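A structural walkthrough
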Amino acid sequence: GESVGLHLPTLSVQEGDNSIINCAYSNSASDYFIWYKQESGKGPQFIIDIRSNMDKRQGQRVTVLLNKTVKHLSLQIAATQPGDSAVYFCAEIEVKTSYDKVIFGPGTSLSVIP
Amino acid sequence: GAGVSQSPRYKVAKRGQDVALRCDPISGHVSLFWYQQALGQGPEFLTYFQNEAQLDKSGLPSDRFFAERPEGSVSTLKIQRTQQEDSAVYLCASSPSPRNTEAFFGQGTRLTVV
């Protein structure tokens, strides 16, 4: 059968527009969530996190929204720039006894059109 | 160096060959993680070290995979009798404390088994 993982969802936006990247998560008991950015040939880079008792958190040009009712997370990037082109992953954090375990979602590829 | 360093960057192995992938974490970082990232997918957890102790190896796909961090610094991920399905990018991340998920990732080692 088809391997869904080989076909990343892709979002194309015009430079200067706002971008919204969505993510559905599965574990309602996750303590918090992280958005990562991964550029080609590099490892994931932390962007922003949000605790499960929050609905919204803002950073520099980024906002994360959490809707626990429908298990949905979104990342909004304001005034998208060419340097924002990358794959974006949401991740659920499972707090274990001795460390926090990161469980990555499937990712969305963002392409910024100059 | 200032970041997490992984070597080699690229490795081509013949099926059945053993390989060793190295991770040099940021100096002083207590936590070290290994992930496997298949093409077009998010990283998947393999194993976690806290100093020299391997506290979680639940993500290792089979007993052909083995990781060590004998002195609590450099870590090696070894794969014995490589198979085609082992082809992936292997990412290492380190963080200053067990509870800090703002881990810094290396650039990864791309393993291709032919």
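All figures in this text were calculated on a predicted structure; none of them were measured in a lab. (Residues numbered from 1 in each chain as written. Chains lettered and ligands numbered in written order. Predicted model: local features only at pLDDT ≥ 70, side-chain atom pairs only at ≥ 80, totals over all residues. Heavy atoms only, no water.)

1. Points about the interface of chain A and chain B
With 26 residues of chain A at the contact, the number on the chain B side is 23 residues. Note on chain A versus chain B: buried area summed over both sides is about 1,900 Å², and carbon and sulfur give 53% of it. Viewed at the interface, chain B and chain A are joined by 1 salt bridge. The residue aspartate 56 of chain B makes a salt bridge to lysine 101 of chain A at a minimum N-O spacing of 4.0 Å. Where chain A touches chain B, the interface holds 7 residue pairs in polar contact (both at pLDDT 80 or more). Secondary structure elements with two or more residues in the side of chain A that touches chain B: strand 3 (32–38), strand 8 (86–95) and strand 9 (100–104) of chain A. (Contact = heavy atoms within 4.5 Å. Buried area = accessible area lost by both parts, 1.4 Å probe. Salt bridge = Lys/Arg side-chain N within 4 Å of Asp/Glu carboxyl O. Polar contact = N/O pair within 3.5 Å; in protein donor to acceptor, adjacent residues only side chain to side chain. Helix = DSSP H or I, 4+ residues; strand = E, 2+ residues; numbered from the N terminus.)

2. Describing the nonpolar core
The nonpolar side chains of soluble globular proteins are, as a tendency, buried together. Among the nonpolar cores identified, the biggest contains 20 residues, and Trp34, Leu77, Tyr90 and Leu111 of chain B are the most heavily contacted of them. Taken together, the elements giving at least two residues each to this core come down to strand 3 (19–24), strand 4 (31–37), strand 5 (44–50), strand 7 (65–68), strand 8 (75–79), strand 9 (88–95) and strand 11 (109–113) of chain B. (Core = buried A, V, L, I, M, F, W, Y, C linked by side-chain atoms within 4.5 Å. Buried < 20%, exposed > 50% of the residue type's maximum accessible area, 1.4 Å probe, protein only.)

3. Observations regarding the sheet that holds strand 8 of chain B
Remark on secondary structure: sheet strands pair via backbone hydrogen bonds, oriented parallel or antiparallel. Residue and element names in this part refer to chain B. Reading across the sheet, the 4 strands line up as 1-3-8-7 and stay open at both edges, with antiparallel pairing between neighbours. With partners counted over all chains shown, the strands left at the sheet margins are strand 1 (5–7) and strand 7, one partner each. Averaged over all pairs of adjacent strands, the angle between their axes in this sheet comes to 15°, without regard to strand direction. When strand 1 meets strand 3, the two strands line up antiparallel, connected through 3 bridges. Following the sheet pairing, serine 7 is matched in strand 3 by arginine 22. (Pairing = 2+ DSSP bridges. Axes fitted to C-alpha atoms, helices over the stretch in contact; angles between N-to-C directions.)

4. Side note on the environment of serine 73 of chain B
Residues and elements named next belong to chain B. With respect to the helices and strands, the residue serine 73 is situated in the loop between strand 7 and strand 8. The spacing of serine 73 and cysteine 23 is 50 residues in sequence and 8.8 Å in space, taken between C-alpha atoms. Non-local contacts of serine 73, meaning those with residues more than four positions away in its chain, are made with Pro25 and Leu32.

5. A short note on the environment of valine 12 of chain B
One can find valine 12 of chain B in strand 2 (residues 10–13). In this structure the C-alpha to C-alpha distance between valine 12 of chain B and alanine 67 of chain B, which are 55 residues apart in sequence, comes to 19 Å.

6. Let's talk about the sheet that holds strand 6 (residues 62–67) of chain A
All names here are of chain A. On the basis of which strands lie adjacent, the open sheet formed by 4 strands has the order 2-7-6-5 and antiparallel pairing. Looking at strand neighbours, the two that pair on one side only are strand 2 (19–24) and strand 5 (56–58), the edges of this open sheet. Averaged over all pairs of adjacent strands, the angle between their axes in this sheet comes to 15°, without regard to strand direction. Bridge analysis of strand 2 against strand 7 (residues 72–77) gives 6 bridges, and the strand direction is antiparallel. Residue pairing for strand 7: serine 19 is matched across the bridge by isoleucine 77.

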